[in-house]
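Structure at a glance
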Amino acid sequence: MQITIPGFPRIGKNRELKFITEKFFKKEINEKVYLNEIKKINQENISIMKKYLDLIPANDFSLYDNILDLMWALGVVEKKYLDNKLSYLEKYFAIARGIKEKNIDLLPYDMKKWFNTNYHFIVPKINNDLSLKTDFFFLEKNINTAKEIINDFKVVLIGPYTFIKLAKMEKENQKINERIIQNYIKLLKRIIELKVKNIQLDEPSICLDSNKRDINLFKNIYSEVLKEKKDSKIFIQTYFSCIDEKFIPQINKLNIDGLGLDFIEGKENLKFVKRLDLNNKFLIAGVVNGKNIWINNYKNSIEILRLILKNVKKENIMLSTHSSLLFVPYTKRNETKIPNEMLKFLSFAEEKMQELKDLKNLLQENNLSQNKIYQNNQKIIDSLIKLTQLELKQNFVLSFKIKDLNRKSNIAKRKKIQEKFLKLPILPTTTIGSFPQTVDVRIKRKDFKEGKITHEQYKNFIKEKINDLIKFQEEIKLDILVHGEFERNDMVEYFAENLQGFIITNNGWVQSYGTRTTKPPIIFSCVKRKYPITVEYITYAQSLTQKPVKAILTGPITIINWSFPNEFLKIKSIAFSIAQALREEINDLVKNGIKIIQVDEPALREKLPLKKQKQKEYLDIAINAFKYCVKDVPDEIQIHTHMCYSEFKDIINCIEKMDVDVISIEASRSDFSILKHLKNYAKKRQIGPGIYDVHSTRVPDVNELIEKIKILMKIIDYKNLWINPDCGLKTRNWDETKQSLKNMVEAKENILKSKNYFK
Ligand code: GLN
Ligand code: ZN
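Keep in mind that what you see is a predicted model, and the values were worked out from it rather than measured.

This brings us to the packing of helix H11 (residues 298–309) against helix H13 (residues 349–364). Axis angle and axis distance: for two packed helices, these are the angle between their axes and the distance between the axes, and together they describe the pair. For the pair H11 and H13, interaxial distance at closest approach is 11 Å and the crossing angle is 60°. Classed by the angle they form, the pair H11 and H13 counts as oblique. Taken as a pair, H11 and H13 cross one another with a handedness that is right-handed. Between H11, through Tyr298, Ser301, Ile302, Leu305 and Leu309, and H13, the contact on the second element is made entirely by Glu355, Asp358, Leu359, Leu362 and Leu363. Per-class residue counts for the contact of H11 with H13 are seven nonpolar, one polar and two charged.

This part is about the packing of helix H1 (residues 16–25) against helix H4 (residues 88–97). Following both chains from N to C, one finds H1 and H4 inclined at 105°, their axes separated by 12 Å at the closest point. Here H4 runs roughly perpendicular to H1, going by the angle between their axes. Where H1 approaches H4, its residues Thr21, Phe24 and Phe25 are matched on the opposing element by Leu89, Phe93 and Arg97.

Ring pairs (aromatic) are described by centroid distance and by the angle formed between their planes. Within this structure, the stated rule accounts for 31 aromatic pairs. With a centroid separation of 5.0 Å and 75° between ring planes, the pair formed by Tyr92 and Phe93 is classed as edge-to-face. Take Tyr92 and Phe93: they sit in the same class, and that class is buried. Aromatic pair Tyr161 and Phe247: ring centres 5.8 Å apart, planes at 70°, arrangement edge-to-face. Residue Tyr161 is located in helix H6 (residues 160–166), and its partner Phe247 is located in the loop between strand E11 (233–237) and helix H9 (248–253); the two are separated by 86 residues in the primary sequence. Each member of the pair, Tyr161 together with Phe247, is buried. Chaining the aromatic ring pairs together yields one cluster made of Phe24, Phe25, Tyr34, Tyr64, Trp72, Tyr88, Tyr92, Phe93, Phe137 and Phe138. The ring of Phe421 is capped by Lys595, whose NZ or CZ atom sits 5.7 Å from the centre of that ring.

Turning our eyes to something else, we now look at helix H16 (residues 439–449). Inspection of H16 places Val441, Arg445 and Asp447 among the buried residues, and these make up the whole buried set. The buried residues of H16 occupy an angular sector of 160° when the element is viewed end-on, so they sit on one face. Opposite the packed face of H16, turned more than 90 degrees from it, sit the exposed residues Val439 and Lys446. Where H16 is buried, its residues touch helix H17 (455–475).

Before going further, it helps to spend a moment on the coordination of the zinc ion (ligand 2). Here the zinc ion (ligand 2) is held by the protein donor atoms His642 (NE2), Cys644 (SG) and Cys727 (SG), which lie 2.0 to 2.3 Å from it. Because the angles between the four donor atoms bound to the zinc ion (ligand 2) fall within 92 to 122°, the donor set is best described as tetrahedral. In primary-sequence terms, the residues that donate to the zinc ion (ligand 2) follow H-x1-C-x82-C. You can see Cys644 sitting in the loop between strand E22 (638–643) and helix H23 (648–658) and its partner Cys727 sitting in the loop between helix H26 (702–715) and helix H27 (734–753), a full 83 residues away along the chain. Both residues of the pair, Cys644 and Cys727, count as buried.

What follows is about the sheet that holds strand E14 (residues 317–321). Reading across from one edge, E1-E14-E13-E12-E11-E10-E8-E2 is the order of the eight strands in this open sheet, with parallel pairing throughout. The strands lining the two open edges of the sheet, one partner per strand, are strand E1 (2–3) and strand E2 (57–58). Sheet topology places strand E13 (residues 282–288) next to E14; five bridges connect them, and they run parallel. Counted as the bridge partner of Ala285 is Leu319 from E14. Of the strands in this sheet, E1, E13 and E14 touch H13, which is tilted by about 150° from E14.

Taken in spatial order, the five strands of this open sheet run E19-E21-E22-E23-E24, and their pairing is parallel. The open sheet is flanked by strand E19 (550–554) and strand E24 (686–689), the only strands paired with a single partner. Neighbour to neighbour, the strand axes of the sheet diverge by 20° on average, direction disregarded. Inspection of the sheet shows E19 paired to strand E21 (residues 596–600) by five bridges, in the parallel sense. By the bridge assignment, Thr554 is partnered in E21 with Asp600. Contacting E19 and E21, helix H21 (residues 571–591) crosses the sheet at an angle of about 170° to E19. Across the sheet, H23 touches E22 and strand E23 (662–665), and the angle it forms with E22 is around 165°.

The rules behind each value
- Residues numbered from 1 in each chain as written.
- Chains lettered and ligands numbered in written order.
- Predicted model: local features only at pLDDT ≥ 70, side-chain atom pairs only at ≥ 80, totals over all residues.
- Heavy atoms only, no water.
- Axes fitted to C-alpha atoms, helices over the stretch in contact; angles between N-to-C directions.
- Helix = DSSP H or I, 4+ residues; strand = E, 2+ residues; numbered from the N terminus.
- Parallel < 35°, antiparallel > 145°, perpendicular 65-115°, else oblique.
- Left-handed = near helix turned anticlockwise from the far one by under 90°.
- Contact = heavy atoms within 4.5 Å.
- Nonpolar A, V, L, I, M, F, W, Y, C, P; charged D, E, K, R; others polar.
- Phe/Tyr/Trp six-rings, centres within 6.5 Å; stacked < 30°, edge-to-face > 60°.
- Buried < 20%, exposed > 50% of the residue type's maximum accessible area, 1.4 Å probe, protein only.
- Lys NZ or Arg CZ within 6 Å of the ring centre and 35° of its normal.
- Arc of directions from axis to C-beta.
- Donors = N, O, S within 2.8 Å, 3.2 Å for Na, K, Ca; no water.
- Tetrahedral: all angles 85-135°; square planar, octahedral: opposite > 155°, others 65-115°.
- Pairing = 2+ DSSP bridges.

Shown next, in the form of structure tokens:
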């Protein structure tokens, strides 16, 4: 029985990938030095895996994103990104980040969240402008890097079916798709030429609800792709749910050597094992959770494995995590601040590989209960369950009726009341909350955490920042101001630090996209508010201006989805305990004169189960927890929410049910294509589709923004339209921020001048 994983974190033990790549972006190092450093990170990752795994993934590594790498390899890149004077790597990064220099002006490609995770991938576009020239530079680099350390490994690729399914078809063109598949075959041929013996094709898309066309597409693609396979072994890897059973007959016909199944999020796969033809194939059994950080319950895993063993020969099983470990931090060994009695409950990427090793040994064991490792594991699990149940008893009891969650009046009535109360101008301009987190802010926070400055000194520093920001926003004539979120390192971690029930790691970083990382807090119990959290800074900001200051809070589902929630607690209990804490906070804000409150839910869609059948339960929790936060708020108080990188079309009903007064959404990167799904929504409710992309360093000019507003006004009644960037400005620098916002306000003023838009 072998041990493997579908993929490993790429960022390095201490986020080396992030730092070195950012250095390269700032042109502090050249391409050669950069690629050399990158290689070291990749090799260090492989060396760690080597300690635990029999079959090591290679090419799961990437400078930025592995979908982008596949686009690059297949030439699924628009020609204009390649036919220009940029250097090789500049071209590659321009796809992800956009560029506006050297007389070149390229927009970044769209980004989307990778299934039900917080990892964002670059969305391939399929249209008539593609280069379709293959380029295996990154692939060969990864293969050669692996070869220097290990003989045998598996090359990981996003599978052709998932790639095509995720691509945005701007032109439904059978011929282009065929050429992409031909390029995919070339890619496989090249890998085989390089004497790679194992290839893993990630096909999570076969876990989505599928129709006949999908099954046919899958069948057609694979009948082509597997032709050239020769002696190499090809594994199809699935994750994030059970496979859609309609694929079973197809999979059984395929000439593949292994199938990776998820037994964590896709327990139903157990039923399918019997029906899948696994006689001469490996079953890569995902029994350790690749997305959460709680230790594995060996008893459960052994039970699952024993059930599998009834149908699959032992030598045909590979033990694995259920997904890539990309979604968990590197190792818990660096966590010096978490007390041992908590640390023992946790398991990060490196520890998860040890768990796989343990499981392999335990499966050999006849008398499990006598085994020390098993005993110890059960002891820890028991104490975790006890602790959790104690918490549940002491803590939160749910007692409300759904109709108690509604605000006093309906949206139409509230709108009228708020118009009188707030007297906002037409096309109100605002931002999403955060402003640049510059080095001085981060240094001061660090000084405060290390005790070098007092709390008072730190608070005064933040207030100075707020002061400056209020002045700036007034100067450029924004209508609805914010306090800037300078006190927040991260929109979730900040609340986690100030609420009871969380553990904060000091090095638990995970990649969210490219060089961006987040440090999800750990929710070990139900949550409670200990004291008011945001009231002081926000009321301070409001005291400095006549214009309304919009308070910004992070919503319950986003807090959960960007944390690692205790697996022994129901998500519902955690969600409502957070909602209760936020409700107390919101009521305090209102008491203190705040008139507009935004509860951010950018991660609302994130953990939406892949299968439709399971989505309602999840969405009900998300909606009701949100409504619970704002249920006491009087009609004149305007409630906003903000969402980004979501497939809004899946959750539009849900957004409607949240019954907010104003929603701001990320839309600029996808060319407003999502607006068609929000058109109806915007008939009754106000909406601010972000008019420029804050994740790009590119500053939009006035004309471009005027054009955007014009497009919006064609779709949305101007009376319901807000003007704002598409997300927080935290990661931008001040120059970019000032210029973009000035242009935004100027664009709006320009529009106001030409009355013919307001007919
Ligand atoms: N209010 C947050 C900010 O501006 C929202 C961030 C987000 O949507 N991820 O940073
Ligand atoms: Zn956002």
